[in-house]
Amino acid sequence: MFTFTEANFENSIIELFENLGYSHLYGPEVDRDTSNPLLEEQLISSLESINPKLPSRAIEEAITKIKNYEAGSLVSKNEFFTDYLQNGVPVTFMHNGVEKSDIVNLVDYDNPSMNNMAIANQWTYKEYEVKRPDLVVFLNGIPVVVMELKSPKADSEVCHIPDRFQVLYQNYKKSIESFFIYNAFCVISDQSQTKAGTITATIDRFMEWKTVDGDYEETKFADFTTLFKGMFTKTRFLDILRNFICFSK
């Protein structure tokens, strides 16, 4: 009898993302600084492609700004970054001896193919502690989505969604706080239930995604693939990031 393990579940989601056009990064094979939440080489190359008319000084200034924040809460830093993600990073730089101001866009929302989108697993990150989220979605080298998974076969007596929520919010957010500065939303899933929410959401505000393409006829039979296909199709994913994340005052 085939047992659908957590590893099987993870691999099935990776395959789904690859079918949606995302590249796959296997953490142990990526040469990087595990204490840096950003994939800087990928970030630099993406920003140069998205902003071809801007000089390297402008790109460097934008990266410096998204890496450095004044003292404050995680939520306040996340709010600053979300504004950068949606509206671009305002920069001032010298060009040919003249001070200039411009906007460095972190994402090309009008041309999805211009963006580098990847799904990563076994992604170790070191800050106050060493943690390894199950899956991370990178957009142009920025970790915008974190996922925690649990196989429903592991323990039929346990309600796994609250377990996954506990891992993300009581553990990860304290242990690798800076990783979540760049977070747009999180996904928690035990295959039978798959929900998404932001870093400020309580467990009751993590919600299912009910449809892949707007057809609501089969929503009560939606499986875990519905959320991933519905939210992460490239055009819709960019639409969610740009137009459907806000901060209430």
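See the structure printed just above.
Throughout what follows, the structure given in this document is the object of discussion. Because the structure is predicted, anything quoted here is derived from the model rather than measured.

Before going further, it helps to spend a moment on the overall build of the chain. In terms of helices and strands, the chain carries seven helices and ten strands. Counting only C-alpha atoms, the chain reaches 70 × 40 × 40 Å along its principal axes. Looking at the chain as a whole, 48% of its 249 residues qualify as buried. For the chain, the accessible surface area stands at approximately 12800 Å², while carbon and sulfur atoms represent 47% of it. Seen as two clouds, the 24 positive and the 36 negative side-chain charges of the chain have centres 3 Å apart.

Time to look at the packing of helix H6 (residues 224-232) against helix H7 (residues 234-243). At their nearest, the axes of H6 and H7 sit 5 Å apart, and the two run at 75 degrees to each other. Taken together, the axis directions place H6 and H7 in an arrangement best described as roughly perpendicular. When H6 is examined against H7, the residues Lys229, Gly230, Met231 and Phe232 are found in contact with a partner set consisting of Lys234, Arg236, Phe237 and Ile240. Taken together, the residues that form the contact of H6 with H7 break down as four nonpolar, one polar and three charged.

Glancing now at the pairing of strand S9 (residues 185-189). By the criterion of burial, S9 is predominantly enclosed, with five of the five residues buried. A two-sided burial pattern is seen for S9, the buried positions comprising Phe185, Val187 and Ser189 on one face and Cys186 and Ile188 on the other. In the sheet, strand S8 (residues 142-149) pairs with S9 via five bridges, with the strands oriented parallel. Within the sheet, the bridge partner assigned to Met147 lies in S9 and is Val187. Bridge count between S9 and strand S10 (residues 194-197): four bridges; the pairing is antiparallel. Of the residues in S10, the one forming a bridge with Cys186 is Gly197. Between the end of S9 and the start of S10, which pair antiparallel, lie four residues, with Gln191 showing a positive phi angle near 75 degrees.

This part covers the sheet that holds S8. The six strands are arranged S1-S4-S7-S8-S9-S10 in an open sheet whose pairing can be described as mixed. Two strands close off the open sheet at either side, each with one partner strand: strand S1 (23-26) and S10. Strand-to-strand twist in this sheet, taken as the mean axis angle between neighbours without regard to direction, amounts to 20 degrees. Of the pairings in the sheet, the one linking strand S4 (residues 117-121) to strand S7 (residues 135-139) comprises five bridges and is antiparallel in character. Each residue of the ladder has a partner; that of Ile119, found in S7, is Val137. Packed onto the sheet, helix H1 (residues 6-19) meets S1, S4, S7, S8 and S9 and runs at close to 145 degrees relative to S8.

Glancing now at the nonpolar core. Side chains that are nonpolar tend, in soluble globular proteins, to be buried together. With 75 residues, the main nonpolar core has Phe185 and Phe232 as its most contacted residues. When residues of this core are assigned to their parent elements, the largest contribution, six residues, is made by S8. Phe185 has contacts with Val144, Val145, Val146, Ala196, Gly197, Thr198, Met231, Phe232, Phe237, Ile240 and Leu241, leaving out every residue within four places of it along the chain.

Cut-offs used in this document
- Residues numbered from 1 in each chain as written.
- Predicted model: local features only at pLDDT ≥ 70, side-chain atom pairs only at ≥ 80, totals over all residues.
- Heavy atoms only, no water.
- Helix = DSSP H or I, 4+ residues; strand = E, 2+ residues; numbered from the N terminus.
- Buried < 20%, exposed > 50% of the residue type's maximum accessible area, 1.4 Å probe, protein only.
- Areas by Shrake-Rupley, 256 points an atom, 1.4 Å probe, with all protein chains shown as cover.
- Lys, Arg positive; Asp, Glu negative; His and termini not counted.
- Charge placed at Lys NZ, Arg CZ, Asp CG, Glu CD.
- Axes fitted to C-alpha atoms, helices over the stretch in contact; angles between N-to-C directions.
- Parallel < 35°, antiparallel > 145°, perpendicular 65-115°, else oblique.
- Contact = heavy atoms within 4.5 Å.
- Nonpolar A, V, L, I, M, F, W, Y, C, P; charged D, E, K, R; others polar.
- Pairing = 2+ DSSP bridges.
- Core = buried A, V, L, I, M, F, W, Y, C linked by side-chain atoms within 4.5 Å.

Shape is all these values report; function is a separate question.
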